[in-house]
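Here is what each chain is made of, one letter per residue.
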Amino acid sequence: GSLNFFAPPRNASKADTVVASLLDSNRPSVAKEQISVPAIDLAVPMLRLRPDEIVLIKLDVEGYEFELLPHLLVSGALCLVDYLHIEWHPSVLSQSRLSRGLALGEAMNLVLRGCTRP
């Protein structure tokens, strides 16, 4: 599959650098370029891990953490993680999504305590 990123217009002096988010920001006055990139379901390779492997994830997915984490939890893949570092991006969320996102962040520790590894 693929995902669409939203990026401000490229700076001519930094033509090889793109800063983007999976979520369109709440600033409609800022022109944005939409970039489609190939994507995989992260749960698929995670569920293939051996039970004895130590899993460390550094998650910096520019706003998509609020969609990805529930998916990884429901699939069982998040329960395979030994160490998890999340870079949260609440500034890219609308007010209603921000409330849900903050609740997700608060619930992560409680939910993950109930996980068991195979």
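The present account deals with the structure reproduced in this document. (Residues numbered from 1 in each chain as written. Predicted model: local features only at pLDDT ≥ 70, side-chain atom pairs only at ≥ 80, totals over all residues. Heavy atoms only, no water.)

Brief notes about a nonpolar patch on the surface
1) Next: On the surface, Ile-54, Leu-56 and Tyr-83 cluster together into a nonpolar patch covering about 400 Å² of accessible area.
2) Next: Following the sequence through the fold, Leu-56 ends up in strand β3 (residues 56-59).
3) Next: On the basis of relative accessibility, which here comes to 62%, the residue Leu-56 falls in the exposed class. (Patch = residues over 30% accessible without salt bridge, like charges linked within 9 Å, V, L, I, M, F, W, Y side chains within 5 Å. Areas by Shrake-Rupley, 256 points an atom, 1.4 Å probe, with all protein chains shown as cover. Salt bridge = Lys/Arg side-chain N within 4 Å of Asp/Glu carboxyl O. Helix = DSSP H or I, 4+ residues; strand = E, 2+ residues; numbered from the N terminus. Buried < 20%, exposed > 50% of the residue type's maximum accessible area, 1.4 Å probe, protein only.)

Regarding the pattern of salt bridges
1) Next: Counted according to the given criterion, the structure contains four salt bridges.
2) Next: Between Asp-52 and Arg-50 there is a salt bridge whose closest N-O contact spans 3.2 Å.
3) Next: Judged by its relative accessible area of 58%, Asp-52 falls in the exposed class.
4) Next: A residue is classified by how much of its surface remains accessible, and Arg-50, at 48% relative accessible area, is partly exposed.
5) Next: Its salt-bridge partner being Asp-60, residue Lys-58 comes within 4.0 Å of it at the nearest N-O pair.
6) Next: Given a relative accessible area of 32%, Asp-60 falls into the partly exposed group.

Digging into helix α2 (residues 65-75)
1) Next: Among the residues of α2, those classed as buried are Glu-65, Phe-66, Leu-68, Leu-69 and Leu-72. Projection of α2 onto a plane perpendicular to its axis shows the buried side chains occupying an angular sector of 165°, all on one side.
2) Next: Packing partners of the buried residues in α2 comprise α1 (43-46), β3, β4 (83-86) and α3 (95-113).
3) Next: Of the residues trailing α2, Gly-76 is marked for its positive phi of about 90°. (Arc of directions from axis to C-beta. Contact = heavy atoms within 4.5 Å.)

Some details on the environment of Val-61
1) Next: By the secondary structure assignment, Val-61 is in the loop between β3 and α2.
2) Next: In this structure, the C-alpha to C-alpha distance between Val-61 and Trp-88, residues 27 residues apart in sequence, is 8.6 Å.

Points about the nonpolar core
1) Next: With 17 residues, the main nonpolar core has Met-46, Ile-57, Leu-59, Leu-69, Leu-72, Leu-78 and Val-81 as its most contacted residues.
2) Next: When contributions to this core are tallied by element, the ones reaching two or more residues are α1, β3, α2 and α3.
3) Next: With four residues, α2 is the largest single contributor of residues to this core.
4) Next: Among residues more than four places away in sequence, those in contact with Ile-57 are Met-46, Val-81, Tyr-83, Leu-84 and His-85. (Core = buried A, V, L, I, M, F, W, Y, C linked by side-chain atoms within 4.5 Å.)

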